[in-house]
Amino acid sequence: ARALAEHFLRTHPRGGWLDPDAVTALLECYGLPLTTSIWARDEHTAVLAASSLRQLGHEGKAVLKAYWPQQVHKSDLGAVRTGLTGEQAVRTAFREFAGRFGARMAGAVVQPMSAPGLELLAGVVQDAVFGPLVLFGMGGTTTDVLDDRVARLAPITEPDVHAMTTGLRATPLLFGYHGGAAVDLTAVRDVLARLSRLAMDLPQLAEADLNPLIAGPHGLLCVDARVRLE
Ligand code: ADP
Ligand code: MG
């Protein structure tokens, strides 16, 4: 993976926020579990992509997200449409995005709809003094409100990973609170270990933000990832 990361840097020398294809390429080098994502530059491609992905989606549904460089909270701006069924729904959603966001929109990202699960976040940030930190917490659109997260210096050890996954206020949710299914903790811990390796291999990594990872009893999938290089 380290050789891949170095190759990646040679082919992406500019820094800044990576585009969706580059994010996928880098994170897949490290075996991080990303949902299938197709970056469609135009409406026609988006409709085709959604048709080909829909069968992978929960209840045959697709998700469309307007994309432009440097975007932050997409859902706050109405740039995320989940649960789309059929060609017409995708076409209409793409047109609405194009109308709302105009020329800055550089197409849309099409994904299969994930089955519902517990929304977590994981990531890497650079601390000016200590270097890369691995983050873990409750994710999804309520992330900022809940502010339930923990951080450890990379490289993280197995006890670190254990402490992280048991150190949230919301930790009981991971273990199946109130009859909900427990999430696949092995898969969650594996993601944290892989992010730590990425952070160690790639000191140019300024920030990686996987939010949400949708976790269920059998694994988890990231449906929204952002990466910034120095
Ligand atoms: P942002 O964080 O920029 O607002 P996200 O891509 O994280 O946008 O989407 C916001 C929310 O939409 C997620 O927290 C999740 O609940 C839901 N969502 C996004 N993509 C999918 C998907 N592929 N399947 C199911 N739900 C999704
Ligand atoms: Mg998100």
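Residues numbered from 1 in each chain as written. Chains lettered and ligands numbered in written order. Predicted model: local features only at pLDDT ≥ 70, side-chain atom pairs only at ≥ 80, totals over all residues. Heavy atoms only, no water.

**Observations concerning the coordination of the magnesium ion (ligand 2)**
- Surrounding the magnesium ion (ligand 2) are the protein donor atoms Asn211 (O) and Asp224 (OD), at 2.0 to 2.2 Å. Placement of the pair is asparagine 211 in strand E9 (residues 205–216) and aspartate 224 in the loop between strand E10 (219–222) and strand E11 (225–229), with a sequence separation of 13 residues. (Donors = N, O, S within 2.8 Å, 3.2 Å for Na, K, Ca; no water. Helix = DSSP H or I, 4+ residues; strand = E, 2+ residues; numbered from the N terminus.)

**Focus on the domain arrangement of the protein chain**
- For the protein chain, the domain assignment lists domain 1 (38–112) and domain 2 (116–229).
- The gap between the C-alpha centroids of domain 1 and domain 2 is 26 Å.
- Across the contact, eight residues belong to domain 1 and six residues belong to domain 2.
- Here domain 1 and domain 2 share an interface that buries about 470 Å² over both sides, 38% of which is from carbon and sulfur atoms.
- Seen at the junction of domain 1 and domain 2, the total is one salt bridge.
- The salt bridge partner of aspartate 224 is lysine 74, with a shortest N-O separation of 2.8 Å.
- Inspection of the domain 1/domain 2 interface yields four residue pairs in polar contact (both at pLDDT 80 or more).
- Classifying every residue of the side of domain 1 that touches domain 2 by side-chain character gives one nonpolar, five polar and two charged. (Domains from an automatic or database assignment. Contact = heavy atoms within 4.5 Å. Buried area = accessible area lost by both parts, 1.4 Å probe. Salt bridge = Lys/Arg side-chain N within 4 Å of Asp/Glu carboxyl O. Polar contact = N/O pair within 3.5 Å; in protein donor to acceptor, adjacent residues only side chain to side chain. Nonpolar A, V, L, I, M, F, W, Y, C, P; charged D, E, K, R; others polar.)

**Description of the packing of helix H3 (residues 43–54) against helix H4 (residues 87–101)**
- At a minimum axis separation of 9 Å, H3 and H4 run at an interaxial angle of 140°. Classified by the angle between their axes, H3 and H4 sit oblique to one another. Of the two possible hands of crossing, H3 and H4 adopt the one that is right-handed. Counting all contacts with H3, which are made through Glu43, Ala46, Val47, Ala50, Ser51 and Arg54, the residues of H4 involved are Glu87, Val90, Arg91, Phe94 and Arg95.
- Looking at the contact of H3 with H4 residue by residue, the classes come out as five nonpolar, one polar and five charged. (Axes fitted to C-alpha atoms, helices over the stretch in contact; angles between N-to-C directions. Parallel < 35°, antiparallel > 145°, perpendicular 65-115°, else oblique. Left-handed = near helix turned anticlockwise from the far one by under 90°.)

**Observations regarding a nonpolar patch on the surface**
- A grouping of Val129, Phe130 and Leu153 is seen on the molecular surface, where their side chains present a nonpolar patch of about 340 Å² in accessible area.
- With respect to the secondary-structure elements, phenylalanine 130 resides in the loop between strand E6 (118–127) and strand E7 (131–138). (Patch = residues over 30% accessible without salt bridge, like charges linked within 9 Å, V, L, I, M, F, W, Y side chains within 5 Å. Areas by Shrake-Rupley, 256 points an atom, 1.4 Å probe, with all protein chains shown as cover.)

**Considering the pattern of salt bridges**
- As enumerated under the stated definition, the model contains eleven salt bridges in all.
- Its salt-bridge partner being glutamate 43, residue arginine 95 comes within 2.9 Å of it at the nearest N-O pair. You can see arginine 95 sitting in helix H4 and its partner glutamate 43 sitting in helix H3, a full 52 residues away along the chain.
- Ionic pairing is found between arginine 91 and glutamate 87, a salt bridge with its closest N-O pair at 3.4 Å.

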